[in-house]
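# Secondary and tertiary structure notes
Here is how the chains run, residue by residue.
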Amino acid sequence: MPRPTSPPEDHSVTDTSTPSPPRGAAEQGPAKRRLADRVFLGLSKGAALAIVAILAGVAIFLTAEGIPGITASPDEVKSGETFLAFVLPLVFGTLWSATLALVIALPLAVAVALFVTYYVPRRLGHTLGYVIDLLAAVPSVVFGLWGMRVLAGKLVGPYEWLEAHLGFLPFFAGPASATGRTILTAGIVLAVMIMPIITAIAREVFRQTPVLLEEAALALGATRWEMIRTVVLPHGRSGMIGGAMLGLGRALGETMAVAMVLSASGVVTFNLISSTNPSTIPANIALQFNEASGLTVNALIASGLVLFVITFAVNFAARAIVNRRKEFSGANA
């Protein structure tokens, strides 16, 4: 019986490799990428140079227009004072109101950021974060109307209580304002305005804390608050400082809300609840500019130059502090 023969084996090799693109297409891809990189680099450099040019232009304009107001004699300006006597109370009021706002807003913002990040479910935390961020989109005029028509009236009673029970302190010496439009009210309004900025930055910094460090602290027996105190807060310290300085810059430059809420008298006082309050540079410019003429306009512009220098110094100091603490915060990890 003949044996069945097997079909002949096919020893040919099938080429399953992906065909290489044509040489021209291979060279065209990197060339396009290099062109895109050069375009992006040029746009980035142009944007950076434009920011520097705008900043320099503002500084040159304020200096050129403000020098006549600085050198003007008292009888040539509306205030009837030298520029130094005119601007020092405004500088005090600007720094005082911004400091009050920062003292009120910073603890609340950090507490809200920690609560949203570590104490609520993730989905609810995202929702609360979006709601808080929406406060930053509210126009300052709306905050000014709220502070003038709602908040000021409701604070009259607490101000009278503070005068009666804490009047021995210079901050609450009184007499309490009958309208509630005081420097403390302006500070509260500014605190509400800058809190979303600080909260958003603090929340993002807290989220960047290495999970390994958090889990290690919890594994060693730390409670959630101890983990936050020993790991999260030290890691996010530079970010919190940066956010606080950004909020301080916003408070220093706020105009309409302070002008609408504050009943200013242009004095230097630490009294928080009196109807005699210091004014701020932005609010004074907004209120006085329409009626100003001659060298009075230059004096107002010179006060704007002083505010420009103050905000620049604050941001420069914030950048220096953040860079100094970067190696300790884990931001360069």
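Presented here is a report on the structure given in the accompanying data block. Only a predicted model underlies this, so the values are computations on that prediction, with no experimental measurement involved.

Attention shifts here to the nonpolar core. Membership of the largest hydrophobic core comes to 55 residues, with the highest contact counts inside it found for V189, L248 and L272. The element that contributes the greatest number of residues to this core is helix α2 (residues 83-119), accounting for 13 residues. Ignoring anything within four residues of it in the chain, the contact list for L272 reads W96, L100, F171, F172, T182, I183 and L184.

In helix packing, the relevant descriptors are the interaxial angle and the interaxial distance, both defined with respect to the helix axes. Contact geometry of α2 with helix α8 (residues 224-235) gives a least axis separation of 12 Å together with a crossing angle of 115 degrees. Here α2 lies roughly perpendicular to α8, going by the angle between them. The hand of the α2/α8 crossing is right-handed. Judged by residue contacts, V110, L114, Y118 and Y119 of α2 engage R224, W225, M227, I228, V232 and L233 from α8.

What follows deals with the environment of A111. For A111, the location among the structural elements is in helix α2. Using a relative accessible area of 43% as the deciding quantity, one classes A111 as partly exposed. Considered as a pair, A111 and R203 are 92 residues apart in the sequence and their alpha carbons are 9.9 Å apart.

This paragraph deals with the side chain of S274. Here S274 shows up in the loop between α10 (256-261) and α11 (281-288). Once residues lying within four places of it in the same chain are set aside, the contact partners of S274 are G174, P175, S177 and T182.

Interaxial distance between α2 and helix α3 (residues 122-134) falls to 8 Å at its minimum, and their mutual angle equals 150 degrees. Relative to α3, α2 is oriented roughly antiparallel. The two elements α2 and α3 meet at a crossing, and its hand is left-handed. Packed against α2, whose contacting residues are V112, F115 and V116, the element α3 presents G125, L128, G129 and I132 at the interface. Partitioned by chemical class, the residues of the contact of α2 with α3 number 5 nonpolar, 2 polar and no charged.

Cut-off values and rules
- Residues numbered from 1 in each chain as written.
- Predicted model: local features only at pLDDT ≥ 70, side-chain atom pairs only at ≥ 80, totals over all residues.
- Heavy atoms only, no water.
- Core = buried A, V, L, I, M, F, W, Y, C linked by side-chain atoms within 4.5 Å.
- Buried < 20%, exposed > 50% of the residue type's maximum accessible area, 1.4 Å probe, protein only.
- Helix = DSSP H or I, 4+ residues; strand = E, 2+ residues; numbered from the N terminus.
- Contact = heavy atoms within 4.5 Å.
- Axes fitted to C-alpha atoms, helices over the stretch in contact; angles between N-to-C directions.
- Parallel < 35°, antiparallel > 145°, perpendicular 65-115°, else oblique.
- Left-handed = near helix turned anticlockwise from the far one by under 90°.
- Nonpolar A, V, L, I, M, F, W, Y, C, P; charged D, E, K, R; others polar.

Keep in mind these numbers describe shape, not what the thing actually does.
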